[in-house]
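Report on the structure
Here's the letter readout for the chains.
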Amino acid sequence: MTPADSPSAAAKMVCGEETRNNIARILALASPPRTTDSWADKLYTCTYALPEGPLVLSVKEAPDPAAARAFFDKQQQSTGQAAPIEGLANLGFPAFQTPASAVFAKDNFVLTVDASALPAGLGPHQVSRDALAYQAATAVLACWSE
């Protein structure tokens, strides 16, 4: 497999130890959840096997920031209930959220956190799907900034 045929190190962070630990912390899990991953059509997907169901984090790798923004815009237009994340909450990036997902564009990446297969409240603190998606996304974005 050539480097062009595999996800970047940044994309792989959605399935990395730091992200697994952050998700465990957000949901007050006893240990980080098990994950499975895949890579197809420049989309790296990591599925977290949570007790309540799957949480899916994915990163679309585009050839450049303009292509990433075009992908992001198309995704936002085709997503029902998409509301822009504005102000400080978007961390300076194009971003939108639904009741069960959060999507951010940064550089040549589009990060999507999809909690739609999970119940409305998770863990002992009853974290909402949208809060989980946003917190998981911002934790990944923090890793990308380091």
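Residues numbered from 1 in each chain as written. Predicted model: local features only at pLDDT ≥ 70, side-chain atom pairs only at ≥ 80, totals over all residues. Heavy atoms only, no water.

1. Observations regarding the pattern of salt bridges
Stated formally: Only one rule defines a salt bridge in this text: a Lys or Arg side-chain nitrogen within 4 Å of an Asp or Glu carboxyl oxygen. By the criteria applied, helices consist of DSSP H or I runs no shorter than four residues and strands consist of E runs no shorter than two, each listed in order from the N terminus. Burial classes: relative accessible area under 20% of the type maximum marks a residue as buried, over 50% as exposed, and values in between as partly exposed (1.4 Å probe, protein chains only).
Enumeration according to the criterion identifies three salt bridges in this entry. Of the charged contacts, one joins Asp41 and Lys60 as a salt bridge, the two residues approaching to 3.8 Å between their closest N and O atoms. With a gap of 19 residues between them, Asp41 in the loop between β1 (34–40) and β2 (43–50) and Lys60 in strand β3 (residues 53–61) connect regions that are remote in the sequence. Judged by relative accessible area, Asp41 falls into the exposed class, the value being 65%. A salt bridge links Arg69 to Asp73; its shortest N-O distance comes to 2.9 Å. You can see Arg69 and its partner Asp73 sitting in helix α3 (residues 65–78), four residues apart, about one turn around the helix. Relative accessible area serves as the criterion here: at 39%, Arg69 is assigned to the partly exposed category.

2. Some words on the side chain of Asn90
Rules: Under the rule applied, a polar contact is a pair of N or O atoms within 3.5 Å (in protein, one hydrogen donor and one hydrogen acceptor; residues adjacent in sequence only if both atoms are side-chain atoms). Residues are treated as being in contact if the distance between any of their heavy atoms lies within 4.5 Å.
With respect to the element layout, Asn90 can be found in the loop between β4 (83–84) and β5 (95–98). At a separation of 3.2 Å, a polar atom in the side chain of Asn90 contacts the main-chain carbonyl oxygen of Ile85. In this structure, Asn90 is in contact with Ile85, Ala95 and Phe104, ignoring residues within four places of it in sequence.

3. Some thoughts on the side chain of Thr45
Topologically, Thr45 is positioned in strand β2. Beyond its immediate sequence surroundings of up to four residues, Thr45 is in contact with Thr36, Asp37, Ser38, Val56, Leu57 and Ser58.

4. Some points on the state of the cysteines
What counts, and what does not: Here, the term disulfide refers to a pair of cysteine sulfur atoms separated by no more than 2.5 Å.
All chains considered together, the criterion is met by one disulfide. The thiol sulfur of Cys143 is not disulfide-bonded, and the nearest other cysteine sulfur, from Cys46, lies at 12 Å. What makes Cys143 buried here is its relative accessible area of 6%.

By themselves, these figures tell us nothing about what the structure is for.
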